[in-house]
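Coordinates in review
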Amino acid sequence: MMKQYRDMIGRCVCCADAATGIVEREYKKSKTRTRLPIGGEYTVERDNIITTLTRIDTCDFQVNSYKRAN
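Residues numbered from 1 in each chain as written. Predicted model: local features only at pLDDT ≥ 70, side-chain atom pairs only at ≥ 80, totals over all residues. Heavy atoms only, no water.

**Comments concerning the packing of aromatic side chains**
The final tally for this structure, using the stated rule, is 1 aromatic pair. Judged by centre distance (5.5 Å) and plane angle (70°), the rings of Y5 and F61 are edge-to-face. Here Y5 is found in strand β1 (residues 3-6), whereas its partner F61 is found in strand β7 (residues 61-67), with 56 residues between them in sequence. Like F61, Y5 is buried. (Phe/Tyr/Trp six-rings, centres within 6.5 Å; stacked < 30°, edge-to-face > 60°. Helix = DSSP H or I, 4+ residues; strand = E, 2+ residues; numbered from the N terminus. Buried < 20%, exposed > 50% of the residue type's maximum accessible area, 1.4 Å probe, protein only.)

Below, the structure is given as structure tokens:
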């Protein structure tokens, strides 16, 4: 089942399904989809906020979100 993942300030970064590894991101008129293996990472940078999803197993992703140093 697809679940929303958010960055450190609460914006939706993407939707992902840990069971299949599918990650989808839609922003304005651009849509991307990829499939991550266990241990795979997906990184999104928006307005100096970097958010990385790591697929840790078939049940969940680990989310790490931080502000980029200038």
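Moving on from the coordinates now.
**What about the confidence of the model for the protein?**
Confidence along the protein averages 94 in pLDDT terms, with 100% of residues attaining 70 or more. The least confident element of the protein is strand β3 (residues 22-27), whose mean pLDDT is 93; the most confident is strand β6 (residues 49-55), at 97. (pLDDT = per-residue confidence, 0-100.)

**A word on the pairing of β6**
Across the 7 residues of β6, 7 count as buried, placing the element largely inside the fold. Here β6 shows a buried face lined by I49, T51, L53 and R55 and a second buried face lined by I50, T52 and T54. Looking at chain direction, strand β5 (residues 41-46) and β6 are connected through 6 bridges and run antiparallel. Opposite E45, over in β6, you have I50 as the bridge partner. (Pairing = 2+ DSSP bridges.)

**Notes on unusual backbone geometry**
The backbone of K28 shows a phi angle near 55°, a positive value even though the residue is not glycine. Tracing the backbone shows K28 in the loop between β3 and β4 (30-35). Located in the positive-phi region is D47, a residue other than glycine, with phi close to 50°. Relative to the helices and strands, D47 resides in the loop between β5 and β6.

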